[in-house]
Amino acid sequence: MQSILSFESSKDHYTADVCIVWCFDARFSHLLDTFIKDRNYTQIDLVKIAGGAKEIDFVIDQIGKSIKLHHTPRVVLMVHNECGAYGGSTDPAFYEAELSKAADKVRASFPSVEVEAIFADFDGLKLV
Ligand SMILES: [Zn+2]
């Protein structure tokens, strides 16, 4: 293989502060960076996929791996307004209901882990 970039990554194992499940919609990428900075998270297992918490079986599998490998004590589930993976709905109540269902499933799967459900809108984040 031909090197295209030299960079030293740490080989140290770590305990994750949080596993964050976020939509890959780039309109909310700066919001994610700001949220991470606001919370002072440094070790993050990030699951960035279309729809965020929408694909719940896949999400639960990923969270389980984060907990197993990195002893993650906290999960943040995000969905956002106008998400294409949800058909682009603009109804916050729709997303709140979807997020609540996803959070309930994650809590049932991992009772010892703290779960936060967050709705991202174009003016910031709201806890569900
Ligand atoms: Zn989305």
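Bear in mind the structure is a predicted one, so any value in this text is a computation, not a measurement.

1. Details of the overall build of the chain
- Looking only at helices and strands, the chain has three helices and five strands in total.
- Of the regular secondary structure in the chain, the N- to C-terminal order runs β-α-β-α-β-α-β-β.
- For 128 residues, the compact-globule estimate of 2.2 N^0.38 gives 14 Å, and the C-alpha radius of gyration of the chain, at 15 Å, lies within 12% of that figure.
- Dimensions of the chain, computed from C-alpha atoms along their principal axes, come out at roughly 45 × 35 × 30 Å.
- Out of the 128 residues in the chain, the part that is buried amounts to 41%.
- Contacts in the chain between residues far apart in sequence, at least 24 positions, make up 71% of those at least 6 positions apart.
- As displayed, the chain has an accessible area near 7,800 Å², and 53% of this comes from carbon and sulfur atoms.
- Within the chain, the 19 negative side-chain charges are centred at a point lying 3 Å from the centre of the 13 positive side-chain charges.

2. Quick notes on the coordination of the zinc ion
- Taken together, the protein donors to the zinc ion comprise C23 (SG), H80 (NE2) and C83 (SG), at separations of 2.0 to 2.3 Å.
- Accessibility expressed as a relative area gives 3% for C23, which makes it buried.

3. Re the pairing of strand β5 (residues 124-127)
- Relative to β5, strand β4 (residues 114-121) runs antiparallel, the two being bridged by four bridges. In the strand pairing of β5, I118 is matched with L127.
- Taking the residues that link successive antiparallel strands as the turn, the β4-β5 hairpin has two residues.

4. Some remarks on the packing of aromatic side chains
- Counted according to the given criterion, the structure contains seven aromatic pairs.
- Ring centres of F94 and Y95 lie 5.2 Å apart, and the angle between their planes is 70°; this geometry places the pair in the edge-to-face category.
- With relative accessibility at 0%, the residue Y95 sits in the buried group.
- What links up through ring pairs into an aromatic cluster is the set Y86, F94, Y95 and F119.
- The ring of Y86 carries the charged tip of K54 above its face, separated from the ring centre by 5.6 Å.

5. Digging into the nonpolar core
- Judged by nonpolar contacts, the single largest core of 38 residues is most densely connected at I20, I63, V75, L77 and V106.
- Listing elements by their share of this core, those giving two or more residues are β1 (18-22), α1 (29-39), α2 (56-70), β3 (74-80), α3 (92-109) and β4.
- Ignoring sequence-local partners within four residues, the contact set of I20 consists of L32, F35, I36, Y41, I44, D45, L46, V47 and V76.

6. Some remarks on the sheet that holds β4
- The five strands lie next to each other as β2-β1-β3-β4-β5, forming an open sheet whose pairing is mixed. Of all strands in the sheet, those bounded by a partner on one side alone are β2 (44-48) and β5. Averaged over neighbouring strand pairs, the angle between their axes works out to 25° when direction is ignored.
- Sitting on the sheet, α1 is in contact with β1, β2, β3, β4 and β5, with an inclination near 160° to β1.

What counts and what doesn't
Residues numbered from 1 in each chain as written. Predicted model: local features only at pLDDT ≥ 70, side-chain atom pairs only at ≥ 80, totals over all residues. Heavy atoms only, no water. Helix = DSSP H or I, 4+ residues; strand = E, 2+ residues; numbered from the N terminus. Rg over C-alpha atoms; globule rule 2.2 N^0.38 Å. Buried < 20%, exposed > 50% of the residue type's maximum accessible area, 1.4 Å probe, protein only. Contact = heavy atoms within 4.5 Å. Areas by Shrake-Rupley, 256 points an atom, 1.4 Å probe, with all protein chains shown as cover. Lys, Arg positive; Asp, Glu negative; His and termini not counted. Charge placed at Lys NZ, Arg CZ, Asp CG, Glu CD. Donors = N, O, S within 2.8 Å, 3.2 Å for Na, K, Ca; no water. Pairing = 2+ DSSP bridges. Phe/Tyr/Trp six-rings, centres within 6.5 Å; stacked < 30°, edge-to-face > 60°. Lys NZ or Arg CZ within 6 Å of the ring centre and 35° of its normal. Core = buried A, V, L, I, M, F, W, Y, C linked by side-chain atoms within 4.5 Å. Axes fitted to C-alpha atoms, helices over the stretch in contact; angles between N-to-C directions.

Just distances and angles here, no functional claims.
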